[in-house]
Number of protein chains: 2
Amino acid sequence: MTLELLSSQKSFGGWHNRYRHRSASLNCDMVFAVYLPPQAEQGGRLPVLYWLSGLTCTDENFMQKAGAHRLAAELGLVLVAPDTSPRGAEVPGDPHGAWDFGHGAGFYLNATEEPWARHYRMHDYVVHELPTLVEAGFPVNERRGISGHSMGGHGALVCALRNPGRYRSLSAFAPIANPSNCPWGEKAFSRYLGGDRERWRGWDACALLAEAEERLPILVDQGDADGFLVEQLRPEALQAAAAAVGHPLTLRLQPGYEHGYYFIASFIDDHLRHHAAALNL
Amino acid sequence: MTLELLSSQKSFGGWHNRYRHRSASLNCDMVFAVYLPPQAEQGGRLPVLYWLSGLTCTDENFMQKAGAHRLAAELGLVLVAPDTSPRGAEVPGDPHGAWDFGHGAGFYLNATEEPWARHYRMHDYVVHELPTLVEAGFPVNERRGISGHSMGGHGALVCALRNPGRYRSLSAFAPIANPSNCPWGEKAFSRYLGGDRERWRGWDACALLAEAEERLPILVDQGDADGFLVEQLRPEALQAAAAAVGHPLTLRLQPGYEHGYYFIASFIDDHLRHHAAALNL
């Protein structure tokens, strides 16, 4: 597998690199970003935190706006940010050009319906193909954490809950916590997965929590001034699902905070430390 | 003077607000951003650091990408970021739509030539009109610092050197240090100020240093992998000008760093602490 280096910029003594590669899972070219802290040049192998971004984002939003490099450089934590969907002329998008479906809105699942099934397999890409690439190409070990924002918070929860043992740490910012029961999720799931809601359960953190084999502690931050809170995000459903089975969940409602990167930046250090502790940093 | 609040987002316990107002200096509507740290709600009056951005930027780049809110919140420092030029349909721009002149490229000077002189008076806006607004509308005192990046680094140096006593602290990232002798500066100055190079001296930090009444210490960071270093930025000219008169300048060449916000973010804390010390924080 060939990685084409697109750019390399020094940041906090480490390197922010962007790569393009052909994805076998997604049948298209993909771009992802890696932040390598200064410790990556010291001969050891470091743990990796995967970050999944939200609707409309690319690999760039988190790296540019979250302010995560500073503490990652201090902790010795590699950060990896994939794109939010397959892309390119050969990849079908929303027929009306909507921003909440198709390009930039892969929802981190494996689509079963046409015309989406050939390309929209972001779950396999994020959980398997990308870590294989990263673990072959960079000085990292197999200690993995996963986090994300909004659609990517949903993605982080689902990737970890579907794959016990694969991640050692898990957190989310303002996740779409119960996608089977919100407009964004219903639109995406009904197209990518079809109309049978029973099949949606495998991609909904609340349903997955009920059957989780592993009790990986979850940290969730949610702004209480987030305009998407009530209709789309529904953290109370996640809290109820966790409580029902005794799954360790720390849900923090942050007063006055909204949905964007100023909110994420304000609390990213807490999340990095949550992951670092579980990743033995 | 009326300030129209465009948005308000909580960040690190404080508030990032954007405002629109009619500028008397520039004869157009302008947008600027203010970061108010949590201490702004505690009854006192805080010092202000003015940040001037580079070519093509708006008030948003610094606030979103520099990672400055975290330490500003800790220090109790207000941050103010204006736009980089007058804007709008009534403001003439580059006749060929170039990105290095006109809209987004005001060079923080007062133009004397037509058709620029009516609107392009960013020096007066930044040094007088904007601080008057800020000091009337927010819980700040008259302790001012100024910093900026690239074209805005030039702006910060020139604003402080032309106005002794007005700023208590000064720094710059990768400033256009000697605009009279680089392509960006020559293009802008010849149009905004006309062809008489003698008149350019009042807007060139190297020339101003030679006659500065005040020895305000300057901190400058410059990446040595910055693609604009040799042709456009010329920090060695600034260093020579400072040395010639004994002006206190700390110029740090940062190995491996480029021109963008990953570079700025990596060293913004040092600059905020430089300003905080001089502003009695």
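Model, not experiment: these values are computed from the prediction. All residue numbers refer to position in the chain's written sequence, counted from 1. All chains are assigned letters beginning with A, and all ligands numbers beginning with 1, in the order in which they are written. This being a predicted model, a pLDDT of at least 70 is required before a residue's local features are given, and a value of 80 or more before pairs of side-chain atoms are given or counted; all residues contribute to the totals for chains, interfaces and linings. As a convention, hydrogens and water are excluded, and side-chain values are obtained from all of the structure's heavy atoms.

### Here's the deal with the overall build of chain A
Defined as follows: Per the convention used, a helix needs a DSSP run of H or I reaching at least four residues, while a strand needs a run of E reaching at least two, with both numbered from the N terminus. Throughout, the radius of gyration refers to the C-alpha atoms, and the reference size of a globule is 2.2 Å times the residue count to the power 0.38. Each residue's exposure class comes from its accessible area (1.4 Å probe, protein chains only) as a fraction of the maximum for that residue type: buried when under 20%, exposed when over 50%, partly exposed otherwise. Any two residues whose heavy atoms approach within 4.5 Å at even a single point are treated as in contact. Calculation of accessible area relied on Shrake-Rupley with a 1.4 Å probe; when residues are assessed, cover is drawn exclusively from the protein chains displayed.
A tally of regular secondary structure across chain A gives nine helices and nine strands. For chain A, whose C-alpha radius of gyration is 17 Å, the value lies close to the compact-globule estimate of 19 Å for 281 residues. In terms of principal-axis extent, the alpha carbons of chain A reach across some 50 × 40 × 35 Å. Sorting the 281 residues of chain A into buried and exposed places 60% on the buried side. Counted over contacts in chain A with a minimum sequence separation of 6, partners at least 24 positions apart contribute 72%. Total accessible area computed for chain A in this model is approximately 9,900 Å², and 48% of it derives from carbon and sulfur atoms.

### Overview of the sheet that holds strand E7 (residues 169-173) of chain A
Rules: Only strands joined by at least two bridges in the DSSP assignment are considered to pair. To define axes, lines are fitted to C-alpha atoms, for helices over the stretch in contact only, and angles between the resulting N-to-C directions are given on a 0 to 180 degree scale.
Reading across from one edge, E1-E2-E3-E5-E4-E6-E7-E8-E9 (chain A) is the order of the nine strands in this open sheet, with mixed pairing throughout. Every other strand in the sheet has two partners, leaving strand E1 (4-11) and strand E9 (249-254) of chain A as the edge strands with one partner each. The sheet shows a mean angle of 20° between the axes of neighbouring strands, taken without regard to direction. Two strands pair when backbone bridges link them, and strand E4 (residues 46-52) of chain A and strand E5 (residues 78-82) of chain A are joined in this way by three bridges, in the parallel orientation. Residue pairing across strands places Val48 of chain A opposite Val78 of chain A, the latter belonging to E5 of chain A. Packing of helix H3 (residues 122-137) of chain A onto the sheet brings it into contact with strand E2 (14-23), strand E3 (28-36), E4, E5 and strand E6 (140-148) of chain A, and relative to E6 of chain A it is tilted by some 145°. On top of the sheet, helix H9 (residues 261-278) of chain B reaches E1 and E2 of chain A; it is set at about 25° to E1 of chain A, its chief contact.

### Things to note about the relation of the copies chain A and chain B
Spelled out, the test is: To superpose the copies, least squares is applied to the C-alpha atoms of every residue with a pLDDT of at least 70 in both.
For the pair chain A and chain B, the best superposition has an RMSD of 0.0 Å and corresponds to a rotation of 180° with a translation of 0.0 Å parallel to the axis. Taken together, these values place the two copies in the relation of a two-fold axis.

### Concerning the pairing of strand E2 (residues 14-23) of chain B
All names here are of chain B. With respect to burial, E2 is a largely interior element, seven of its 10 residues being buried. Inspection of the sheet shows strand E1 (residues 4-11) paired to E2 by seven bridges, in the antiparallel sense. By the bridge assignment for E2, Lys10 is matched with Trp15. Linking E1 to E2, which pair antiparallel, is a turn of two residues; within it Phe12 sits at a positive phi near 50°. With nine bridges connecting them, E2 and strand E3 (residues 28-36) associate as antiparallel partners. From the neighbouring strand, Ser23 faces E3, where its bridge partner is Cys28.

### Some remarks on H3 of chain A
Residues and elements named next belong to chain A. Stated precisely, the cut-off is as follows: Given a residue, its bend is the angle between the two axes fitted to the seven residues that end at it and to the seven that start from it.
At Leu130, H3 shows its largest bend, some 30°, and a proline, Pro131, comes one to four positions later. For H3, the complete set of buried residues consists of Met122, His123, Tyr125, Val126, Val127, Glu129, Leu130, Pro131, Leu133, Val134 and Glu135. Along its buried surface, H3 packs onto E2, E3, E4, E5, E6 and helix H4 (151-162).

### What about the UniProt feature "active site" (unreviewed entry) in chain A?
Residues and elements named next belong to chain A. Applied cut-off: UniProt positions are given in the numbering used here, feature names are shortened, and annotations may be inferred rather than shown by experiment.
Feature annotation in UniProt places "active site" (unreviewed entry) on Ser150, Asp226 and His259, given in this structure's numbering. For the residues just named, distributed over 110 residues, the greatest C-alpha separation is only 10.8 Å, placing them together at one site. With respect to the element layout, Ser150 can be found in the loop between E6 and H4. Given a relative accessible area of 3%, Ser150 falls into the buried group. Ser150 has contacts with Gly54, Phe173, Ala174, Pro175, Ile176, Trp184, Leu233 and His259, leaving out every residue within four places of it along the chain. In this structure, Asp226 sits in the loop between strand E8 (218-223) and helix H7 (229-233). The class of Asp226 is buried, set by a relative accessible area of 4%. With sequence-adjacent residues up to four places away left out, Asp226 is seen in contact with Ala174, Leu233, Tyr257, Glu258 and His259.

### Points about the interface of chain A and chain B
Counted only if it meets this: A simple way to read buried area is as the amount of 1.4 Å-probe accessible surface that goes missing from two parts once joined, with both sides added. Here a salt bridge means any side-chain nitrogen of Lys or Arg lying within 4 Å of a carboxyl oxygen belonging to Asp or Glu.
Taken residue by residue, the interface counts 22 residues in chain A and 22 residues in chain B. Of the roughly 1,900 Å² buried at the junction of chain A and chain B (both faces included), carbon and sulfur atoms supply 50%. Among the residues of chain A in contact with chain B, Lys10, Gln64 and Tyr262 of chain A are the three that bury the most area, contributing 37% of the side total. Seen at the junction of chain A and chain B, the total is zero salt bridges.

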